[in-house]
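# Structural description and commentary
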Amino acid sequence: MLHSPRLDRQAAALSPARNAPLTLRIPEPAARPGEPANFSKLRLSAPGAVRRPSLDAEPRSIHDLAYELIRVLDDNGNAVGPWAPELSSAMLISNLRTMMLTRVFDERMYRAQRQGKCSFYVRSTGEEAVAAAQAAALDDADMMFGSYRSQGLLIARGYPVIKMMGQVYSNVLDPLLGRQMPVMYSSREHNYFTISGNLGTQFIQAVGWAMGSALSGDTRIAASWIGDGTTAEGDFHYALTFASVYRAPVILNVVNNQWAISSFQGIAGGDEAPFAARAIGYGLPALRVDGNDFLAVYAATKWAAERARSNHGATLIELFTYRADAHSTSDDPSRYRPADEGTKWPLGDPIARLKQHLIVRGEWSEQKHAALQEEVTQEIRALQKEAESKGVHGNNQTASPKTMFEGVFKEPDPRLLKQRQEAGF
């Protein structure tokens, strides 16, 4: 075969330089401390622009909904588009109160931690619409598998706030008797599964519970919540596999609040594609929703819940929101993001947006809002005073040590009985 210099030159042009060093791309947020907030690359659909599919839509026919952003409230507070739900003003005001109560509770507990009255706390500031709207869209009998930023779910279901305070302060009001961290709640009566500190476990647990519900002929569905960073955990993928294969009646929620404790959502792959798009590879329907829009969150969750109850299987929802405060009391966000980023978030504050919508409907006013703010503030202050009367961290009335032997086994175990006897109980 004849040698061709021209072909050699073409091959060299098409192949990479063999001596060039390989490189990695390290994801970086759009802005760092000292720089202006930059949200220019966000994928935002116009309010009311995203279509609403039928409940039995084939997942492959709605791939676009993983990339669009379902929004109902426009900039003036009007509800627009096919996702706009028909909700009474009384229902909206009740949920506005839930959101405001959650925020005040968070603020008081954060302040208590800074005063040394409790060891640890996690606020949900800026994410209140996720909890309130999703709890409202689910039936009270449905099982919820929350995370350490899901206190609003419990508050929405009427869980006594003073019990939450007792757990935060680790005093005798703690229904879990000091066996959990301050913010990792549990309530069988409110169908709220025990929170785990291991990230992602609740996703596969929710799928398993939902499968069990279906196998037993029950009518209850499950829902679970994780953060954007947890999508990089194995449990996320295990959950999607089982949910897809068995069409489990479950709603899997990814709360994309843009930041983990010190790394932004791009580290978990959020810059490559929306987290909702990960459902596509598993054959699951996916919705990407404005997490600061109460009406949009409610409508999307109601759609997913009705789909699950109709035996069409699971749905993955990405709730696009922003963590307005620190990850926890152990975190200092000023070290890794611009100080004004929270106030510049283009999708606004969930409480302010629902307030404006009610004002536009003629059912609310600034005066009524101020009165409600004062009401929930006084309610939380009174509960806090009562809770602190039972003691605070380091100076509290704790449960009796003998309770460590109770609730361990359903039937008394000889070894446990012997240990209790040796301990003098």
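Everything that follows concerns the structure shown earlier in this document.
The following refers to the structure shown. These numbers were taken from a predicted model, which means no experiment stands behind them. (Residues numbered from 1 in each chain as written. Predicted model: local features only at pLDDT ≥ 70, side-chain atom pairs only at ≥ 80, totals over all residues. Heavy atoms only, no water.)

## Comments concerning the packing of aromatic side chains
Within the structure shown, the criterion is met by twelve aromatic pairs. Taken together, a centroid distance of 5.1 Å and an interplanar angle of 40° make the contact between Trp259 and Tyr336 tilted. Placement of the pair is Trp259 in the loop between strand 3 (250–256) and strand 4 (286–290) and Tyr336 in the loop between strand 5 (315–320) and helix 9 (341–344), with a sequence separation of 77 residues. Tyr336 matches Trp259 in its accessibility class, with the two residues each being buried. Ring centres 5.6 Å apart and planes at 45° place the aromatic pair Phe320 and Trp345 in the tilted group. (Phe/Tyr/Trp six-rings, centres within 6.5 Å; stacked < 30°, edge-to-face > 60°. Helix = DSSP H or I, 4+ residues; strand = E, 2+ residues; numbered from the N terminus. Buried < 20%, exposed > 50% of the residue type's maximum accessible area, 1.4 Å probe, protein only.)

## A look at empty space enclosed by the protein
By the definition in use, this model includes one cavity of 30 Å³ or more. What lines the largest cavity is simply Tyr110, Tyr121, Val122, Arg123, Ala326, Ser328 and Thr329. Partitioning the lining of the largest cavity into residue classes produces four nonpolar, two polar and one charged. (1 Å grid on protein atoms, 1.4 Å probe; cavity = no way out; pocket = protein on both sides within 12 Å on 5 of 7 lines; lining within 4 Å. Points joined across faces, edges and corners; volume = space filled by probe spheres on them. Nonpolar A, V, L, I, M, F, W, Y, C, P; charged D, E, K, R; others polar.)

## Notes on the pattern of salt bridges
Enumeration over the complete set of coordinates arrives at 20 salt bridges. Across the salt bridge formed by Glu127 and Arg149, the nearest N and O atoms sit 3.8 Å from each other. Of this pair, Glu127 sits in the loop between helix 2 (89–114) and helix 3 (128–137) while Arg149 is found in the loop between strand 1 (143–145) and helix 4 (151–156), placing the two residues 22 residues apart along the sequence. Here Glu127 matches Arg149 in class, with each residue buried. Sharing partners across several salt bridges, the network here consists of Arg71, Asp290, Asp293 and Arg353. (Salt bridge = Lys/Arg side-chain N within 4 Å of Asp/Glu carboxyl O.)

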